[in-house]
Amino acid sequence: ENIFLLIIMGNPSWRFEGNERKYIEEVLSSGFRAGADGAFTTRLEAAFSQKYNVKYSIAFNSGTTTLHAILLALGCKKGDEVLTPALTPLMCGLSTHYTGAIPVYVDSLPDTFLMDPNDLESKITSKSKVIFVTHMYGGVCDMDKILQIANKYNLYVLEDCAQCHLGKDNKGRLAGTCGDAGSWSFENSKQLTCGDGGIVTCNNEKLAQSIRKIGGLGFKSLTANSGRVRTDRDKLQNPNWDRFDAIGYNYRMNQLGAAVALAQMERSELFINLRRGMGKIYESILSKSELLRPQYEPKGFYYTYYTFSARFSGSEHQISWEQFRKKYMEFGGDGIYAASKLLFQEPIFKEMEIGYGDTPTSVSLQRSLMNFTTNQSCVEEQNVQRDALISTLEYFGDSI
């Protein structure tokens, strides 16, 4: 009975069966000093740079603070505009608002649920500064078109890959490596996690140093490559030593978080393959469905299925979103998640009148998207979700 419950409910500890505990013990045993192999933040940054083939990686304490630091380093300030999808988590709009800049809402494509390049270009003004790309649900945006627009109007490109570790476009480029800077999250629900945390990548030394200083309290000793604050002990302990030469925030990742994130990086392909495998199972079931249309993955792209997202058209068949979800759970499925409210639909953004831009397709998508879990640990857990979806579709008379 207990084994059956674990299959149904899932055992969350399976994600931490690599070197997580070993590395945490190293941190504690060293008294939070750098061990023989160096500080874990340094090791994580080196591993991330190697995995993504980028020059600079900088660890942060969350995916939100990475975005704030990048926007500040790109020079965003009051009066600037940041073009951001409306269909994206609130943190994307918040990080823009933190800088004083104005979010300009860009619509999504009805098939990929990702940023619409045509709508993006139509909303560029003389105040535009940054194109804020979000690779939602593990999907990868059309970076060719977006980069062409950015080059045409001389705009920076920030890629938010919080939900898209190791996704690729049709040219084999990893999401997060095409624009001026990339951002990832290690929050608990993400494909790789250390509970909470984030990391930034870029290839420009000046930008990398600025991002690191903004996230590291503005310590003078910080460089694009190094987050070390304590360098020469004689200088550091001298009363004439100047410590800070920039205004920064305390956004640094702690060593315990970095230790867990590094261990997760070592098994990244396993985690992504499991998520992608679950996504493809859902996709195959829905090949003939009239109720659910999966997020479209163009030929040559490699989506990583942070979640499996599909557009629900049950209202056309007198089936409500809530009815379908309830029946799916009755058949043993995990909960189905709705798309979060669009940025401008959230109460605080409406109240404060933050940002502008009509996005009719995103409004329609927000009401109809169903996001299915993909974080199953094994075939047995995946089969539970597969069978629940098949049974639900059959119950409602859908084609499978």
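As shown above, the structure is provided for reference.
Structural notes, computed from the coordinates. (Residues numbered from 1 in each chain as written. Predicted model: local features only at pLDDT ≥ 70, side-chain atom pairs only at ≥ 80, totals over all residues. Heavy atoms only, no water.)

### Examining the overall build of the protein chain
The condition that has to hold: Helical segments are the DSSP runs of H or I of at least four residues, strand segments are the runs of E of at least two, and each set is numbered from the N terminus. The quantity called the radius of gyration is restricted to C-alpha atoms. Its globule counterpart is 2.2 Å times the number of residues to the power 0.38. Per-residue and other accessible areas were derived by the Shrake-Rupley procedure at a 1.4 Å probe size, with only the shown protein chains allowed to occlude residues. The charge count includes Lys and Arg as positive and Asp and Glu as negative, but it does not include His or the ends of the chains. Charge positions are represented by NZ for Lys, CZ for Arg, CG for Asp and CD for Glu.
The helix and strand tally for the protein chain stands at 15 helices and 11 strands. Taken over the C-alpha trace, the protein chain has a radius of gyration of 22 Å; the compact-globule value for 400 residues is 21 Å, and the two agree within 12%. Taken along the three principal axes of its C-alpha coordinates, the protein chain extends 80 × 55 × 40 Å. Of the roughly 18,300 Å² that the protein chain leaves accessible, carbon and sulfur atoms contribute 50%. Once the 43 positive and 45 negative side-chain charges of the protein chain are each reduced to a mean point, those two points are 5 Å apart.

### Observations regarding the sheet that holds strand E4 (residues 128-134)
Threshold: Following DSSP output, two strands are said to pair if at least two bridges run between them. Here the axes come from fitting lines to C-alpha atoms, over the contacting stretch only for helices, and the angles between their N-to-C directions go from 0 to 180 degrees. Any pair of residues with heavy atoms lying within 4.5 Å of one another is described as a contacting pair.
In spatial order, the strands read E1-E7-E6-E5-E4-E2-E3; together these seven strands make up an open sheet with mixed pairing. Two strands bound the open sheet, and with one partner strand each, they are strand E1 (56-60) and strand E3 (102-106). Shown here is a sheet whose adjacent strand axes are inclined to one another by a mean of 20°, direction ignored. The pairing of strand E2 (residues 81-85) with E3 spans five bridges and is classified as parallel. Of the residues in E3, the one forming a bridge with Val 82 is Pro 103. The strands that helix H5 (residues 90-98) touches are E2, E3, E4 and strand E5 (156-160); relative to E4, the one it contacts most, it runs at about 160°.

### Overview of the side chain of Ser 362
As a reminder of what qualifies: Partly exposed describes any residue whose relative accessible area lies between the buried limit of under 20% and the exposed limit of over 50%, with all areas from a 1.4 Å probe on protein chains only and scaled to the type maximum.
Following the sequence through the fold, Ser 362 ends up in helix H14 (residues 360-368). Overall, Ser 362 belongs to the buried group, its relative accessible area being 0%. Among all residues touching Ser 362, those that are not within four sequence positions of it are Ala 86, Leu 87, Val 106, Asp 107, Ser 108 and Leu 342.

### What about the packing of helix H4 (residues 63-73) against helix H8 (residues 205-215)?
Just so we agree on the cut-off: Between 65 and 115 degrees an angle is taken as roughly perpendicular, under 35 as roughly parallel, over 145 as roughly antiparallel, and anywhere else as oblique. Crossing handedness: left-handed means the near helix sits turned counterclockwise from the far one by under a right angle, and right-handed means the same turn made clockwise. Think of it as three bins: nonpolar holds Ala, Val, Leu, Ile, Met, Phe, Trp, Tyr, Cys and Pro, charged holds Asp, Glu, Lys and Arg, and polar takes everything else, Gly as well.
For the pair H4 and H8, the least separation of the axes is 9 Å and the interaxial angle reads 130°. Accordingly, the angle class assigned to the pair H4 and H8 is oblique. With respect to the hand of their crossing, H4 and H8 are arranged in right-handed fashion. Facing Ala 69, Ile 70, Leu 72 and Ala 73 of H4, the residues of H8 in contact are Leu 207, Ser 210, Ile 211 and Ile 214. Broken down by class, the residue content of the contact of H4 with H8 amounts to seven nonpolar, one polar and no charged.

### Observations concerning the packing of aromatic side chains
The following threshold applies: The rule is short: rings of Phe, Tyr and Trp, with Trp giving its six-membered ring, pair when the centres are within 6.5 Å, and they are stacked under 30 degrees, edge-to-face over 60, tilted in between. Definition used: whenever NZ (Lys) or CZ (Arg) falls within 6 Å of the ring centre and also within 35 degrees of the ring normal, the charge is taken to sit over that ring.
One pass over the structure, following the stated rule, counts 19 aromatic pairs. Taking 5.1 Å as the distance between ring centres and 35° as the angle between the ring planes, the aromatic pair formed by Tyr 282 and Phe 308 counts as tilted. A residue pair is termed long-range when its members are at least 10 positions apart, and Tyr 282 in helix H11 (residues 268-285) and Phe 308 in strand E9 (residues 308-312) qualify at 26 residues. The buried category is assigned to Tyr 282, whose relative accessible area is 0%. Each member of the aromatic cluster is reached from another via a ring pair, and the members are Tyr 282, Tyr 305, Phe 308, Tyr 328 and Phe 372. In this arrangement the basic side chain of Arg 43 is found over the ring face of Tyr 23, its NZ or CZ atom lying 5.4 Å from the centre. Over the ring of Trp 241 we find Lys 220; its NZ or CZ atom is 3.9 Å from the centre of that ring.

### Digging into unusual backbone geometry
A positive phi angle, near 65°, is found at Tyr 137, a position not held by glycine. Examined against the element boundaries, Tyr 137 turns out to sit in the loop between E4 and helix H7 (143-153). For Tyr 137, a relative accessible area of 5% gives the class buried. The residue Glu 353 is not glycine, and still its phi comes out positive at about 55°. Structurally, Glu 353 can be placed in the loop between helix H13 (347-352) and H14. Residue classification places Glu 353 among the exposed positions, given a relative accessible area of 71%.

### As for the nonpolar core
The test is simple: Residues belong to a common nonpolar core when they are buried Ala, Val, Leu, Ile, Met, Phe, Trp, Tyr or Cys residues joined through side-chain atoms within 4.5 Å.
Counting 85 residues, the largest nonpolar core has Leu 44, Ile 131, Phe 186, Leu 292, Phe 324, Phe 372 and Leu 389 as the members making the most contacts within it. What Ile 131 contacts, discounting residues up to four positions off in sequence, is Leu 83, Met 115, Leu 120, Ile 146, Ile 149, Ala 150, Leu 155, Tyr 156, Val 157 and Leu 158. Counting 24 residues, the second-largest nonpolar core is a separate cluster that includes Phe 132, Cys 202, Ala 224 and Tyr 251.

### A few points about H7
Given 3.6 residues to a turn, an α-helix orients residues that are three or four positions apart in the same direction. Quick reminder of the rule: As used here, the arc is the angular range of directions from the helix axis to the C-beta atoms.
When we look at burial in H7, the residues that qualify are Met 143, Ile 146, Leu 147, Ile 149 and Ala 150. Across the axial projection of H7, the buried residues extend over an arc of 160°, all falling on one side. Along H7, exposed side chains directed more than 90 degrees from the buried face belong to Gln 148, Asn 151 and Lys 152. Elements in contact with the buried residues of H7: helix H6 (117-122), E4 and E5. A positive backbone phi angle near 60° is found at Asn 154, which sits one or two residues after H7.

It is worth stressing that arrangement in space is one thing and function is another; only the former is reported here.
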